[in-house]
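Chain and residue survey
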Amino acid sequence: MALLNILCYPDPRLNTVAKPVKEITNHTLTLIESMIETMYESNGIGLAATQVDVHERIIVLDVSDERDSPMVLINPEIIWTHSERVKGEEGCLSVPNTYDGVERAIEIKVKALDKSGSTQEIHAKELLAVCIQHEMDHLIGKVFVDYLSPLKRNRIKTKLLKLQREENH
Ligand code: K1U
Ligand code: ZN
């Protein structure tokens, strides 16, 4: 297992649309283990393969208080969405030290493959529902700041580019 490098906004690779996983190989399983390790090490509650520059439809999540219940969703598809939406504060490991409100469906049902290739159906509410929607957005090249106003987004972009320039000097 290895810690993976997380792409930082506004890296254009974060806008890549991921491809479905055709076959779960040993390479896929190693990537998943490294993604879980990277998510825990970064104190995140989720991570999409896009964020580690792998453009395949894989996400990992753990919203448990104990941080001992990792979930793996391969080729996730939302099959039902509650009509009610709620605005909640979101963060992102690819957008460091930035939090803002995003409106999401309060409840969703998702179909996905697990690590062994079996189909699982998840009825997600509250933080899990928000986190799955956030991670699935990554798989279509969308970052939560894309929901904010152009003014806020540009301020975030400028702040992070300045930070990245400083870190590279
Ligand atoms: O995608 C990511 O970078 C992971 C992201 C997931 C997420 C957090 C909050 C709302 C929706 C999705 C994070 O884990 S950010 C860091 C974090 O642990 C966190 C931030 C705010 C609320 C709860 C957790
Ligand atoms: Zn994110």
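To start, this report covers the structure provided alongside it. (Residues numbered from 1 in each chain as written. Chains lettered and ligands numbered in written order. Predicted model: local features only at pLDDT ≥ 70, side-chain atom pairs only at ≥ 80, totals over all residues. Heavy atoms only, no water.)

Describing the overall build of the protein
If you tally the helices and strands in the protein, you get three helices and seven strands. Ordered by position from N to C terminus, the α and β elements of the protein give α-β-β-β-β-β-β-β-α-α. In terms of overall dimensions, the protein is globule-like: its C-alpha atoms have a radius of gyration of 16 Å, near the 15 Å expected for 169 residues. Each of the three principal axes of the protein carries a C-alpha extent, and together these read 45 × 40 × 30 Å. Relative to its full complement of 169 residues, the protein shows a buried share of 41%. By element, 50% of the accessible surface of the protein is carried by carbon and sulfur atoms, the whole surface being about 9,300 Å². Here the protein contributes 20 positively and 26 negatively charged side chains, and the mean placements of these two sets differ by 9 Å. (Helix = DSSP H or I, 4+ residues; strand = E, 2+ residues; numbered from the N terminus. Rg over C-alpha atoms; globule rule 2.2 N^0.38 Å. Buried < 20%, exposed > 50% of the residue type's maximum accessible area, 1.4 Å probe, protein only. Areas by Shrake-Rupley, 256 points an atom, 1.4 Å probe, with all protein chains shown as cover. Lys, Arg positive; Asp, Glu negative; His and termini not counted. Charge placed at Lys NZ, Arg CZ, Asp CG, Glu CD.)

Re the coordination of the zinc ion (ligand 2)
The zinc ion (ligand 2) binds to the protein through C92 (SG), H134 (NE2) and H138 (NE2), with metal-donor distances spanning 2.1 to 2.3 Å. All donors of the zinc ion (ligand 2) belong to a single chain; written as a sequence motif, their spacing is C-x41-H-x3-H. With H134 and H138 both in helix α2 (residues 126-139) and four residues apart, the pair spans about one turn of that helix. Since its relative accessible area comes to 0%, H138 is described here as buried. (Donors = N, O, S within 2.8 Å, 3.2 Å for Na, K, Ca; no water.)

Examining the packing of aromatic side chains
By the definition in use, this model includes zero aromatic pairs. Sitting above the plane of the W80 ring, K109 keeps its charged end 5.5 Å from the centroid. (Phe/Tyr/Trp six-rings, centres within 6.5 Å; stacked < 30°, edge-to-face > 60°. Lys NZ or Arg CZ within 6 Å of the ring centre and 35° of its normal.)

Points about the layout of surface pockets
By volume, the largest pocket is sized at about 340 Å³. Elements represented by at least two residues in the lining of the largest pocket include exactly β1 (46-48), β4 (85-92), β5 (95-105) and α2. Per-class residue counts for the lining of the largest pocket are 10 nonpolar, eight polar and three charged. (1 Å grid on protein atoms, 1.4 Å probe; cavity = no way out; pocket = protein on both sides within 12 Å on 5 of 7 lines; lining within 4 Å. Points joined across faces, edges and corners; volume = space filled by probe spheres on them. Nonpolar A, V, L, I, M, F, W, Y, C, P; charged D, E, K, R; others polar.)

Some words on the site of ligand 1
Not every one of the 14 residues close to ligand 1 is listed here, only the nearest: N43, I45, Q51, L93 and E135. One of the side-chain N or O atoms of E135 is found 2.7 Å from an oxygen atom in ligand 1. The site holding ligand 1 turns out to be the largest pocket. For the shell around ligand 1, the secondary-structure elements that each account for two or more residues are β4 and α2. With four residues, α2 is the largest single contributor of residues to the shell around ligand 1. Here the shell around ligand 1 is built from residues that sort into five nonpolar, seven polar and two charged. (Near = heavy atom within 4 Å. Polar contact = N/O pair within 3.5 Å; in protein donor to acceptor, adjacent residues only side chain to side chain. Sits in = over half its atoms within 2 Å of the grid points.)

Here's the deal with the environment of K159
By the element assignment, K159 lies in helix α3 (residues 150-167). Look at K159 and you get partly exposed, because its relative accessible area is 38%. With 128 residues separating them along the chain, K159 and L31 place their C-alpha atoms 31 Å apart. The residues touching K159, leaving out its near neighbours within four places in the chain, are P96, N97 and T98. (Contact = heavy atoms within 4.5 Å.)

Points about the pattern of salt bridges
A complete count under the given rule lists eight salt bridges for this structure. E90 serves as the salt-bridge partner of R104, at 2.8 Å between the closest nitrogen and oxygen. One end of the pair, R104, is in strand β5; the other, E90, is in strand β4, and 14 residues separate them in sequence. (Salt bridge = Lys/Arg side-chain N within 4 Å of Asp/Glu carboxyl O.)

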